[in-house]
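# Descriptive structure summary
Here is how the chains run, residue by residue.
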Amino acid sequence: MAATPTVRRRMLGAELRRIREGLNLKVDDVAARLDWHQSKVSRLENGRHGVRANEVEKLLDVYEVTDPATREALATLAREGKRRVWWQPYSDVISQRYASFISFEAEAVAIRNFELSLIPGLLQTADYARALTRQLQPEATTEEVNALVDVRLARQNAALRREDPLKLWAITDEAALRRVVGGKAVMAKQLQQLIATSKEPHVTIQVVPFEAGAHAGVLGSFVILEFPVRNDLDVVYTESLTSSLYLERDDDVTAYDQAFDRLRAAALDVGPSRRLVAKIAKELE
């Protein structure tokens, strides 16, 4: 279950298509210049076909792209397309849709996450995640629950503690802080960790208080994943009990961008948010 190369192919293909269309070149024009079959160009742009770094270089020569940063970024996507994913050992316990989400998260440079009812996954403690998993997957064995918690913690390390950490902007409804998961002691420890993590330079945490009333997130949680090549590759992820949905159309992503901006305005600033989390944690002691 190696989804990350698929994400890289998608990013690479979308960028190459954008460059080609900007030059008003047709697929068959490019194929003819490179002596490729036109289906190869189409599959590459659709993320269905891998490509070697030297082939990317040839495409960029045809497109007369000379910017070193752009050439290196796209060549890197091609070179790393077959890199082994870190969650491969957990492929027997995680679902395909979960693996797909992790693959997008692994490639993102920034995430904006709104959560209506729960603490964001990248900010959960092991005990909170364990108690939550037991409720959401009551049929899972103890070993499976522990493995899923291990995945959750590994995700946090891979995203927030890597050399160039992902930038996380998390907004939660106050309900997520007051919903006791795993008992008061577990919840108090979870909120204390939330406070500690909020002080890290690459993490921003805000809370939408009950007093804000109805807000832009009342219909559900969502994640906006931002990628390093271009903003128009951003993806919105939403999830229900039995399915998940990735939104990539510009108008869909824009709608969620605007919703997140409205949530930022409705939420308490970082300092007051931290104080509210501390207040609720103290009430649990």
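Bear in mind that the values here come from a model prediction, so they are computed numbers and not experimental data.

Each value, and the rule that gives it
Residue positions are counted from 1 within each chain, in the order its sequence is given. Only residues with pLDDT of 70 or above have their local features reported here, since the model is predicted, and side-chain atom pairs are shown and tallied only from 80 upward, although totals for entire chains, interfaces and linings are computed over all residues. Hydrogens are left out, water is left out, and the side-chain values use all remaining heavy atoms of the structure. The term salt bridge refers to a pairing of a side-chain nitrogen on Lys or Arg with a carboxyl oxygen on Asp or Glu at a separation within 4 Å. Strands here are runs of E lasting at least two residues and helices are runs of H or I lasting at least four, both read from the DSSP assignment and numbered beginning at the N terminus. Here the term buried applies to any residue with accessible area under 20% of the maximum for its type, exposed to any over 50%, and partly exposed to those in between, with areas from a 1.4 Å probe on protein chains only. With a 1 Å grid spanning the protein atoms alone, the term cavity applies to any set of points in which a 1.4 Å probe fits but cannot get out, the term pocket to an open set with protein on both sides within 12 Å along at least five of seven lines, and the term lining residue to any residue with an atom within 4 Å of a point. Grid points are joined across faces, edges and corners, and a volume is the space filled by probe spheres set on the points. All residues other than Ala, Val, Leu, Ile, Met, Phe, Trp, Tyr, Cys, Pro, Asp, Glu, Lys and Arg, Gly among them, are scored as polar; the first ten of these are nonpolar and the last four charged. Note on pairing: DSSP must find at least two bridges between two strands before they are called paired. For helices, the fitted line uses only the C-alpha atoms of the stretch in contact; every axis is such a line through C-alpha atoms, and the angle between N-to-C directions lies from 0 to 180 degrees. We call two residues contacting when some pair of their heavy atoms lies within 4.5 Å. Scored between 0 and 100, pLDDT is the confidence that the predictor attaches to each residue. For classification, angles of less than 35 degrees are called roughly parallel, those exceeding 145 degrees roughly antiparallel, those between 65 and 115 degrees roughly perpendicular, and all remaining angles oblique. When the near helix sits turned anticlockwise from the far one by under a right angle, the crossing is termed left-handed; a clockwise turn instead gives a right-handed crossing.

### Looking at the pattern of salt bridges
As enumerated under the stated definition, the model contains 13 salt bridges in all. For Arg178, the salt bridge identified is with Glu283, shortest N-O distance 3.1 Å. Of this pair, Arg178 sits in helix α9 (residues 174–178) while Glu283 sits in helix α12 (residues 270–284), and the two are 105 residues apart along the sequence. Residue classification places Arg178 among the partly exposed positions, given a relative accessible area of 33%. A relative accessible area of 44% places Glu283 in the partly exposed class. Across the salt bridge formed by Glu283 and Lys279, the nearest N and O atoms sit 2.7 Å from each other. One end of the pair, Glu283, and the other, Lys279, are both in helix α12, four residues apart, so they sit about a helical turn from each other. In this structure Lys279 comes out as partly exposed when scored by relative accessible area, which is 45%.

### Describing the layout of surface pockets
One number sums up the size of the largest pocket: a volume of about 1,200 Å³. The wall of the largest pocket is formed by 39 residues, among which Leu118, Leu136, Arg152, Tyr237 and Glu239 lie closest to the centre. At the level of secondary structure, the elements contributing two or more residues to the lining of the largest pocket comprise α6 (96–107), β1 (110–115), α7 (126–136), α8 (142–160), β4 (222–226) and β5 (235–239). Of the residues belonging to the lining of the largest pocket, the class tally is 21 nonpolar, eleven polar and seven charged.

### Thoughts on the sheet that holds strand β3 (residues 203–208)
Two orientations exist for strands paired in a sheet by backbone hydrogen bonds: parallel and antiparallel. Strand order in the open sheet made by the six strands is β3-β2-β1-β4-β5-β6, with mixed pairing throughout. Each edge of the open sheet is held by one strand with a lone partner, namely β3 and β6 (244–247). Strand-to-strand, the axes of this sheet are offset by a mean angle of 15°, without reference to chain direction. Bridge analysis of β1 against β4 gives five bridges, and the strand direction is antiparallel. Paired with Ala110 across the bridge in β4 is Glu226. Contacts from helix α11 (residues 250–266) reach β1, β2 (167–173), β3, β4, β5 and β6, with the element oriented near 110° to β4.

### Quick notes on the confidence of the model for the protein
Per-residue confidence for the protein gives a mean pLDDT of 88, with 93% of residues at or over 70. In this model residues 1–5 is a low-confidence stretch, pLDDT under 50, and it forms 24 contacts with partners more than four residues away in sequence or in other chains.

### Overview of the pairing of β2
The buried count for β2 comes to five of seven residues, which makes it a mostly enclosed element. Two strands pair when backbone bridges link them, and β1 and β2 are joined in this way by six bridges, in the parallel orientation. Bridge assignment links Ile111 to a residue of β2, and that residue is Leu168. Relative to β3, β2 is paired through six bridges, and the arrangement is parallel.

### Digging into the environment of Asp252
Inspection of the secondary structure assignment puts Asp252 in helix α11. Looking at Asp252, the relative accessible area reads 24%, which means it is partly exposed. In this structure, the C-alpha to C-alpha distance between Asp252 and Ser221, residues 31 residues apart in sequence, is 15 Å.

### Section: the packing of helix α10 (residues 184–197) against α12
Following both chains from N to C, one finds α10 and α12 inclined at 160°, their axes separated by 9 Å at the closest point. One element, α10, and the other, α12, form an angle in the roughly antiparallel class. Along this stretch, α10 crosses α12, giving a crossing that reads as left-handed. For the pair α10 and α12, contact is made by Lys184, Met187, Ala188, Leu191, Leu194 and Ile195 and by Arg274, Val277, Ala278, Ile280, Ala281 and Leu284, respectively. Residues that form the contact of α10 with α12 fall into these classes: ten nonpolar, no polar and two charged.

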